[in-house]
Amino acid sequence: MTDREFMERAIELAGRGRGWTNPNPLVGAVIVKDGRIIGEGWHARWGELHAERNAIRSLRESAEGATLYVTLEPCCHYGRTPPCTEAILEQKIARVVIGSRDPNPKVSGKGAAILRQAGVTVEEDFMREACDRLNPVFFHFITTGTPYVVMKYAMTADGKIATRTGASKWITGEAARQKVQELRWSYMGILAGIGTVLADDPLLTVRKEGRRNPIRIICDSRLRLPLDSKLCRTADQVPVIAACASGAAAGDPEFTARKKALEERGVRVLEVPDSPEKVNLGELMKQLGRENIDSILLEGGGRLNESALRAGIVREIREFIAPKLFGGGGRSPVEGPGVETPDQAFPLELTEISRIEEDLLLSWKVIDGKEKKICLQES
Ligand code: AOF
Ligand code: ZN
């Protein structure tokens, strides 16, 4: 086997932690001696051992003189676990091949430097792009402190997310809907608007055994979340956060009563400052980041989606396209006032096209994440 194949194996192992390590990264490690894999490990769950230590734990023979392939620079700090660099040196590993750099200021180059100083041969940036693809969420969260937001919608070939009457079950086929379930357990939070909740009464959970549910966050400026909604009725089992505008809350006794009733049912009410009627999404992201929520799947309706784009919080879009047409005045995935001229458009970059049975999945990166200063005409 070659260096590439060992790193590919480490990448594959890293993926096994998906949905469990947040807000920590996905990391995989392989220990090789005389061309044979003698140890393997990955970071399996937040708070548990790092990939390198799990690989070392799996050893059945000495790793003296061996090579360690690891998808992320080994850490050198005392966090929830002791530094991986120490474990590597204790094992007398001779060579370390690293994929991604760790932008965590506590590590960031220091891990590699410590190993070099101790006489270990260190290679950095090996298959870096492939390794970096494991952790867009971690890289974003550790450097900004705000969650990585992925907007998801399913639409017809003529760009509708619902028919004229508002019906939307179903647009895509079974396999594409399974893929959405996977997105839900891959990210820590799921964000929807109160309009969607009032119209569809969704549960927003993962229907798959042994998978973690995302924290359900509802953008609900005036706190209209019904007490008998499925979300409210399950809030004691799967967390629900209702994000409301602090301006709407101020001095309204009815609002205070609704807030109390929701809290009694286990819903967390977050008052988001600085926007009189609407939830300030940039501010909401800061608050959620402070609670260690590193990633959010945005399953908004058209208005929330547009506000999120305009607030500059969306990093990626997953667009499912079904082979059918609705026509008429059906709803669009991005509504709101929109832009006035084509040069004001939100620019995207296509990163992946895949076919999921009869449907298409396009993945887009949002080019300019910064707040868009466009001239809006109030509708
Ligand atoms: C590694 N290997 O498998 C992981 C690393 O909270 P802790 O103690 O688990 O530390 C988390 C930090 O350690 C995280 O922010 C990142 O910089 C690094 N994660 N490093 O060498 C691993 N998961
Ligand atoms: Zn570590």
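Check the entry above for the structure.
Procedures and definitions
- Residues numbered from 1 in each chain as written.
- Chains lettered and ligands numbered in written order.
- Predicted model: local features only at pLDDT ≥ 70, side-chain atom pairs only at ≥ 80, totals over all residues.
- Heavy atoms only, no water.
- Donors = N, O, S within 2.8 Å, 3.2 Å for Na, K, Ca; no water.
- Helix = DSSP H or I, 4+ residues; strand = E, 2+ residues; numbered from the N terminus.
- Buried < 20%, exposed > 50% of the residue type's maximum accessible area, 1.4 Å probe, protein only.
- Patch = residues over 30% accessible without salt bridge, like charges linked within 9 Å, V, L, I, M, F, W, Y side chains within 5 Å.
- Areas by Shrake-Rupley, 256 points an atom, 1.4 Å probe, with all protein chains shown as cover.
- Salt bridge = Lys/Arg side-chain N within 4 Å of Asp/Glu carboxyl O.
- Pairing = 2+ DSSP bridges.
- Axes fitted to C-alpha atoms, helices over the stretch in contact; angles between N-to-C directions.
- Phe/Tyr/Trp six-rings, centres within 6.5 Å; stacked < 30°, edge-to-face > 60°.
- Lys NZ or Arg CZ within 6 Å of the ring centre and 35° of its normal.
- Near = heavy atom within 4 Å.
- Polar contact = N/O pair within 3.5 Å; in protein donor to acceptor, adjacent residues only side chain to side chain.
- Nonpolar A, V, L, I, M, F, W, Y, C, P; charged D, E, K, R; others polar.
- Expected span 1.5 Å × (residues − 1).
- Contact = heavy atoms within 4.5 Å.

Draft legend 1. The coordination of the zinc ion (ligand 2), seen in detail. Ligation of the zinc ion (ligand 2) by protein atoms is provided by His50 (ND1), Cys75 (SG) and Cys84 (SG), these donors lying 2.0 to 2.2 Å from the ion. Ordering the donors of the zinc ion (ligand 2) by residue number gives the pattern H-x24-C-x8-C. In this pair, His50 is assigned in the loop between β2 (36-42) and α2 (51-57) and Cys84 in helix α3 (residues 84-90), connecting sequence segments 34 residues apart. A single burial state applies to His50 and to Cys84, both of which are buried.

Draft legend 2. Seen up close, a nonpolar patch on the surface. Taken together, the side chains of Leu350, Ile353 and Leu360 make up a nonpolar region of the molecular surface, amounting to roughly 250 Å² of accessible area. Topologically, Ile353 is positioned in strand β13 (residues 348-356).

Draft legend 3. Looking closely at the sheet that holds strand β1 (residues 28-33). Here five strands make up an open sheet; going across it, the order is β2-β1-β3-β4-β5 and the pairing mixed. Pairing within the sheet leaves two strands with one partner each, and these edge strands are β2 and β5 (121-123). Mean inter-strand twist for the sheet, computed between neighbouring axes without regard to direction, equals 15°. Summarising the sheet, β1 and strand β3 (residues 67-72) pair through four bridges and their orientation is antiparallel. Across the sheet, Ala29 pairs through a bridge with Val70, a residue of β3.

Draft legend 4. Seen up close, the sheet that holds strand β12 (residues 314-322). Strand order across the open sheet formed by nine strands is β10-β9-β8-β7-β11-β6-β12-β14-β13, with mixed pairing between neighbours. Bordering the open sheet on either side are β10 (268-272) and β13, each of which pairs with just one other strand. Shown here is a sheet whose adjacent strand axes are inclined to one another by a mean of 25°, direction ignored. Here four bridges tie strand β6 (residues 148-156) to strand β11 (residues 295-298), and the two strands are oriented parallel to one another. Within β11, the position partnered with Met151 by the bridge is Leu298.

Draft legend 5. Structural view of the pairing of β2. Bridging between β1 and β2 involves six bridges; their strand directions are antiparallel. Its bridge partner being in β2, Ile31 is matched across the sheet by Gly39. What sits between β1 and β2 in their antiparallel hairpin is a turn of two residues, with Asp34 showing a positive phi close to 50°.

Draft legend 6. Spotlight on unusual backbone geometry. Here the amide bond leading from Asn22 into Pro23 is cis, since omega sits at 0°, within 30 degrees of zero. One can find Pro23 in the loop between α1 (3-14) and β1. Lys169 connects to Trp170 through a cis peptide bond whose omega is -10°. Tracing the backbone through its elements, the reader meets Trp170 in the loop between β6 and α7 (174-186).

Draft legend 7. View of the packing of aromatic side chains. With the rule as written, the count across this model stands at two aromatic pairs. Relative to Tyr69, the ring of Phe6 lies with its centre 5.2 Å away and its plane at 40°, an arrangement referred to as tilted. Here the residue Phe6 occupies a position in helix α1, and Tyr69 occupies one in strand β3, the gap between them amounting to 63 residues. Accessibility assignment for this pair places Phe6 and Tyr69 in one class, buried. Ring centres of Phe138 and Phe139 lie 6.0 Å apart, and the angle between their planes is 55°; on these two criteria the pair is classed as tilted. When its relative accessible area of 18% is taken as the criterion, Phe139 is described as buried. Sitting above the plane of the Trp20 ring, Arg45 keeps its charged end 4.1 Å from the centroid.

Draft legend 8. Layout of the site of ligand 1. Surveying the vicinity of ligand 1 reveals 19 residues, the closest of which are His50, Ala51, Glu52, Arg80 and Asp102. Asn24 has a polar side-chain atom sitting 3.0 Å from an oxygen atom of ligand 1. His50 places a side-chain nitrogen or oxygen 2.7 Å from an oxygen atom of ligand 1. If ligand 1 stood free it would expose 510 Å²; the protein chains cover 97% of that surface. A class-by-class count of the residues in the shell around ligand 1 yields eight nonpolar, seven polar and four charged.

Draft legend 9. Quick look at α7. The end-to-end C-alpha distance of α7, which contains 13 residues, comes to 19 Å, matching closely the 18 Å that a straight helix rising 1.5 Å per residue would cover. Burial in α7 covers these residues: Ala176, Val180, Gln181, Leu183, Arg184, Trp185 and Ser186. Here the buried face of α7 lies against β6, β7 (189-193), β11, β12, β13 and β14 (359-366).

Draft legend 10. Region of interest: the pattern of salt bridges. Enumeration according to the criterion identifies 23 salt bridges in this entry. Put simply, Arg9 and Glu40 hold a salt bridge, and the shortest N to O gap is 2.6 Å. One end of the pair, Arg9, is in helix α1; the other, Glu40, is in strand β2, with 31 residues separating them in the sequence. Owing to a relative accessible area of 24%, Glu40 belongs among the partly exposed residues under this scheme. Residues joined by salt bridges that share partners form a network here, namely Arg101, Arg116, Glu124, Asp125, Arg128 and Asp132.

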